[in-house]
Amino acid sequence: MIKPINHVWLFFTDRCNLGCGYCFYKYRSQQQVITLSTFENILEFIRPVAPVEFVFSGGEPLVDAPRLKEMITVIRQKGVARYISVQTNATLLDEALMGFFLCHQVNLEVGIDGDEATTRRNRPGIGNFYYTDIIRGVKLAMGAPGSFTATMTVHPSSAVKLLDNLKYLAAMGLKSVEVHPAFLESWDRESSDVFLEQYRRACAWELKEGLSGLIGRGYSEFSKGAWDLLAVPSGKILASWVFLSFPEKVREHFYLMDLSLGFSGKFLPQAEAYFQALQEHVGAHPNCSYRSISNFNALLAVKTKSGRRYEQRVKHYVDLCEQIEEIDHKIMGTSVWQRSGMKVF
Ligand code: SF4
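Only a predicted model underlies this, so the values are computations on that prediction, with no experimental measurement involved.

Conventions adopted
- Residues numbered from 1 in each chain as written.
- Predicted model: local features only at pLDDT ≥ 70, side-chain atom pairs only at ≥ 80, totals over all residues.
- Helix = DSSP H or I, 4+ residues; strand = E, 2+ residues; numbered from the N terminus.
- Rg over C-alpha atoms; globule rule 2.2 N^0.38 Å.
- Buried ≥ 20, exposed ≤ 12 C-beta atoms within 10 Å, placed from the backbone.
- Pairing = 2+ DSSP bridges.
- Contact = placed C-beta atoms within 7 Å.
- Axes fitted to C-alpha atoms, helices over the stretch in contact; angles between N-to-C directions.
- Core = buried A, V, L, I, M, F, W, Y, C linked by C-beta atoms within 7 Å.
- Right-handed = clockwise from strand over helix to strand, strands pointing away.
- Near = placed C-beta within 6 Å.
- Nonpolar A, V, L, I, M, F, W, Y, C, P; charged D, E, K, R; others polar.
- Parallel < 35°, antiparallel > 145°, perpendicular 65-115°, else oblique.

**Q** Which parts of the structure should I look at to understand the overall build of the protein?
**A** The helix and strand tally for the protein stands at twelve helices and ten strands. For 345 residues, the compact-globule estimate of 2.2 N^0.38 gives 20 Å, and the C-alpha radius of gyration of the protein, at 20 Å, lies within 12% of that figure. Residues counted as buried form 40% of the 345 residues belonging to the protein.

See the structure below:
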């Protein structure tokens, strides 16, 4: 049952030094950090399918930098990773950490939403100090020879500035930016239309300027129908990042196992129903994308009693995502489109 795993996500800490309004891991205790024995159990569990792709996230991973470094060192020593990425808000990045990441071949994925006004609105509580720190961290990572990507989260209230913010990040020197609508925010018809209009214009600008690859489209790429092994700080395992956005009363329906108890990988009774539903989804949607699998999980979450109140938001979000994917797929086949003379925009 362990195969195939897409990524191993380690949400090893739920502590963060920021308080973004759209945080996809809202229901955090701000106290938990994964124990080393649980971490070792995770490595033992995935050993049969190693090497795998690891993504460290939180919370803010750099808040618990000593533990993060310890875990990355062990992973490299054991040779169980083919790729390691750390998602960070960049505020705590310094030269010493950068040196460590370079030495251990770690990709940095920085969250940056655009200009200062957008950041202030999206991430309440951030003053000049934090914004300056984000920019300083991003520039430090950009100036290093290692691998570096960025994620721009778009809130409905800032959708109208999507293209301006993308241009702002490109002018800073960013070469790859994933553009995502904030999950579980209120994407009504009006804000979704604004997003899509802006996104189309951003894609057209990317093509016109010859900046192919600036907008990351990994979420729209075909998935192998795999699940993500996602560990929360307690050692419990989920199959997708979207479950993190819901309160514990929803999440508890989707825990697949508890790797704090050992590495044998004994699945909880509810895991069987989950994997069956996933298999049916993939069977009905062959070649579906990573985004499609995420949305499948979100729609499962709103079927639970405690998840029902999010149903409308999730449905609007899924509709928006499907249209984003349609645009992405046209762009991804753009050479065919140019040859055939078909019009995308
Ligand atoms: S930096 Fe990331 S983890 Fe921290 S509050 Fe913002 S979105 Fe959440």
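There is more to say after this.
**Q** Honestly, the sheet that holds strand β9 (residues 236-238) in this entry has me stumped. Any pointers?
**A** Strand pairing within a sheet occurs via backbone hydrogen bonds; the two strands may be parallel or antiparallel. Strand order in the open sheet formed by ten strands is β7-β6-β5-β4-β3-β2-β1-β8-β9-β10, and the pairing between neighbours is mixed. Each edge of the sheet is formed by a strand with only one pairing partner; in this case those strands are β7 (215-216) and β10 (257-258). As paired elements, strand β2 (residues 52-57) and strand β3 (residues 81-88) share five bridges and run parallel to each other. Directly across from E53, in β3, lies its bridge partner Y83. Sitting on the sheet, helix α6 (residues 162-172) touches β5 (148-154) and β6 (177-181), and the angle it makes with β5 is about 160 degrees.

**Q** Is there a simple way to think about unusual backbone geometry in this case?
**A** Among all residues except glycine, the phi angle is most often negative; among peptide bonds, the trans geometry is most common. Between A50 and the following residue, P51, the backbone shows a cis peptide bond with an omega angle of 0 degrees. Within the secondary structure, P51 is located in the loop between α1 (36-46) and β2. The backbone of Q105 shows a phi angle near 50 degrees, a positive value even though the residue is not glycine. Structurally, Q105 can be placed in the loop between α3 (95-103) and β4 (106-111). Of note, the phi angle at L184 is positive, near 65 degrees, even though the residue is not glycine.

**Q** Any chance you could explain the nonpolar core here in plain terms?
**A** Within soluble globular proteins, side chains that are nonpolar tend to cluster in buried spots. The biggest cluster of nonpolar side chains holds 86 residues, and the ones touching the most others in it are L10, V177, L230, A231, I237 and L238. Apart from the residues lying within four places of it in its own chain, the contact partners of L10 are I34, F54, F56 and A231.

**Q** Please clarify how the pairing of β4 should be interpreted in this entry.
**A** Side chains on a regular strand alternate between the two faces of the sheet. With five of six residues buried, β4 lies mostly within the body of the structure. In this fold, β3 hands off to α3, which returns the chain to β4; that crossover is right-handed. Pairing between β4 and β5: four bridges, direction parallel. Across the sheet, residue E109 finds its bridge partner in β5, namely T149.

**Q** So what exactly am I meant to see when it comes to the site of the ligand here?
**A** Close to the ligand lie C16, L18, G19, C20, C23, Y25, G58, G59, E60, N89 and G111. Residues that form the shell around the ligand fall into these classes: five nonpolar, five polar and one charged.

**Q** Where do I start with the packing of helix α10 (residues 290-301) against helix α11 (residues 311-332) in this structure?
**A** Helix packing geometry: the angle between the two helix axes and the distance between the axes. Put simply, α10 and α11 touch, their axes get as near as 10 Å, and they point 170 degrees apart. One finds that α10 runs roughly antiparallel with respect to α11. For the pair formed by α10 and α11, the contact residues are R291, N295, A298 and L299 on the first element and V314, V318, C321 and E325 on the second. Residue classes in the contact of α10 with α11 are distributed as five nonpolar, one polar and two charged.

**Q** Quick question: what am I supposed to make of the pairing of β6 here?
**A** Alternating positions in β6 separate cleanly, V177, V179 and P181 being buried on one face and E178 and H180 remaining unburied on the opposite face. In this structure, β5 lies alongside β6, joined through five bridges in parallel fashion. Directly across from T151, in β6, lies its bridge partner E178. As a crossover connection, the stretch from β5 through α6 into β6 is right-handed. Inspection of the sheet shows β6 paired to β7 by two bridges, in the parallel sense. Residue pairing in the sheet places V177 in a bridge with I215 of β7. In this view, the connection linking β6 to its parallel neighbour β7 by way of helix α7 (residues 189-208) has right-handed handedness.

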